[in-house]
Amino acid sequence: RKACDFHRLSVYLLHDLDLGFRFGRDIEKEAERQQTFFQNASHELKTPLMAIQGYAEGIQAGVMDTASAAEVILEESDRMTELVEELLDISKIDMGRQQLALSETDIRELLYDSIRAVEPAAAGGIAIVPDFPEEPVMVSCDDIQLRRAVTNILSNGVRYARSELCLTCRADRRQVTIRIQDDGDGIAEADLPHIFDRFYMGKSGKSGIGLALTKEIVHLHRGTIRAYNVDTGAVFEITLPTAR
């Protein structure tokens, strides 16, 4: 009996040691992830800050046109403000503090609002073509957060489209599918598995957090998002549960 008790105690101790080891390893991985996150965030913030400083010094030294320099400073300030807001939002999500203000919304209206938000960026010759059902498509969502997610993808599409961006919405009894397709060169195959990773540096040489935040917002709405290529460009597809 003593041998049996000793064996049982040994099993319990080994189990506890294994749990402790795995718990310690998880803490270490999380610490590394947080360190990488803040390093990348600092790097992203340095770029607009250096541009602002450089153009401000150019104005001060009298070697730069004030109007054009001020325009760049304002653009970089907007870029930095947007990045800080994204960092704060994704930090809230990580900490479980991002609360959604849910209400029943006709997703078609939200999509039209998103189109209007990116129209100035599309003014250079990119047509945004909506294709929505005639009947209302109701979802339970945080209007502000979900519109931000869709706008992020539309802005990305405008950046890479040649001439057209198609935005479609289809619904059945269980889910709504939002599809955003551009007519660009598509996403590099090596980038596809990482397109929603935070600060991933893709083939284009640009990194950021916009698409990562978009994925987190969609997941908060109990939805899914994926990206893939077709013969005519890249596609981003969001699915959301319909309102009951």
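Just above sits the structure.
Treat the numbers as computed from the prediction; the structure is a model and nothing was measured.

Conventions and cut-offs
Residues numbered from 1 in each chain as written. Predicted model: local features only at pLDDT ≥ 70, side-chain atom pairs only at ≥ 80, totals over all residues. Heavy atoms only, no water. Helix = DSSP H or I, 4+ residues; strand = E, 2+ residues; numbered from the N terminus. Buried < 20%, exposed > 50% of the residue type's maximum accessible area, 1.4 Å probe, protein only. Contact = heavy atoms within 4.5 Å. Areas by Shrake-Rupley, 256 points an atom, 1.4 Å probe, with all protein chains shown as cover. Patch = residues over 30% accessible without salt bridge, like charges linked within 9 Å, V, L, I, M, F, W, Y side chains within 5 Å. Salt bridge = Lys/Arg side-chain N within 4 Å of Asp/Glu carboxyl O. Lys, Arg positive; Asp, Glu negative; His and termini not counted. Charge placed at Lys NZ, Arg CZ, Asp CG, Glu CD. Expected span 1.5 Å × (residues − 1). Polar contact = N/O pair within 3.5 Å; in protein donor to acceptor, adjacent residues only side chain to side chain. Core = buried A, V, L, I, M, F, W, Y, C linked by side-chain atoms within 4.5 Å. Phe/Tyr/Trp six-rings, centres within 6.5 Å; stacked < 30°, edge-to-face > 60°.

Things to note about the overall build of the protein
Then, number 1: Tallying secondary structure elements over the protein gives 5 helices and 7 strands in all.
Then, number 2: When its helices and strands are written in sequence order, the protein yields α-α-β-α-β-β-α-β-β-α-β-β.
Then, number 3: Relative to its 244 residues, the protein shows a buried fraction of 35%.
Then, number 4: Considering only intrachain contacts with a sequence separation of at least 6, the fraction spanning at least 24 residues in the protein is 70%.
Then, number 5: Within the structure as shown, the protein displays about 15,200 Å² of accessible surface, and the carbon and sulfur contribution to it stands at 54%.

A closer look at a negative patch on the surface
Then, number 1: On the surface, a cluster of negative charge is contributed by Glu71, Glu75, Asp78, Glu82 and Glu85.
Then, number 2: The residue Glu75 is located in helix H2 (residues 66-94) in this model.
Then, number 3: Relative accessible area serves as the criterion here: at 47%, Glu75 is assigned to the partly exposed category.

Regarding the pattern of salt bridges
Then, number 1: Under the definition given, this model contains 7 salt bridges.
Then, number 2: Ionic pairing is found between Arg179 and Glu237, a salt bridge with its closest N-O pair at 3.8 Å. With Arg179 in strand E5 (residues 175-182) and Glu237 in strand E7 (residues 233-241), the pair connects residues that are 58 residues apart, well separated along the chain.
Then, number 3: Assessed through its relative accessible area of 26%, Arg179 is described here as partly exposed.
Then, number 4: Residue classification places Glu237 among the buried residues on the basis of a relative accessible area of 13%.
Then, number 5: Close ionic contact of Glu237 with Arg226 constitutes a salt bridge, the shortest N to O distance being 3.1 Å. Of this pair, Glu237 sits in strand E7 while Arg226 is found in strand E6 (residues 224-230), placing the two residues 11 residues apart along the sequence.
Then, number 6: Taken together, the shared-partner salt bridges connect Arg179, Arg226 and Glu237 into one network.

Considerations on H2
Then, number 1: In this model, H2 (29 residues) spans 42 Å end to end at C-alpha, consistent with the 42 Å of a helix rising 1.5 Å per residue.
Then, number 2: All of the buried residues along H2 are Ala69, Ile73, Glu76, Leu83, Glu86, Leu87, Asp89, Ile90 and Ile93.
Then, number 3: Within two residues after H2, Gly96 carries a phi angle of roughly 70°, on the positive side.

Some thoughts on the side chain of Asp142
Then, number 1: Mapped onto the elements, Asp142 comes out in the loop between strand E3 (138-141) and helix H4 (143-160).
Then, number 2: There is a polar contact of 3.2 Å between the side chain of Asp142 and the backbone nitrogen of Gln145.
Then, number 3: Here Asp142 is in contact with Gln99, Leu100, Ala101, Leu102 and His221, once residues within four sequence places are set aside.

Things to note about the nonpolar core
Side chains that are nonpolar tend, in soluble globular proteins, to be buried together.
Then, number 1: With 36 residues, the main nonpolar core has Ile107, Leu111, Leu154, Leu167, Ile178, Phe236 and Ile238 as its most contacted residues.
Then, number 2: Elements represented by at least two residues in this core include exactly helix H3 (107-122), E3, H4, strand E4 (164-171), E5, helix H5 (210-220), E6 and E7.
Then, number 3: If you tally residues by element for this core, the top one is H3, at 6 residues.

Comments concerning the packing of aromatic side chains
Then, number 1: Counted according to the given criterion, the structure contains 2 aromatic pairs.
Then, number 2: Ring geometry for Tyr112 and Phe132: centres 5.0 Å apart, planes at 70°, overall edge-to-face. Remark: Phe132 occurs in the loop between strand E2 (127-131) and E3 and Tyr112 occurs in helix H3; sequence separation between them is 20 residues.
Then, number 3: Of the residues examined, Phe132 reaches a relative accessible area of 14% and is grouped as buried.
Then, number 4: Arranged with centres 6.1 Å apart and planes meeting at 85°, the rings of Phe196 and Phe236 form a pair that is edge-to-face. With Phe196 in the loop between E5 and H5 and Phe236 in strand E7, this pair connects stretches of sequence that are 40 residues apart. Each member of the pair Phe196 and Phe236 is classed as buried.

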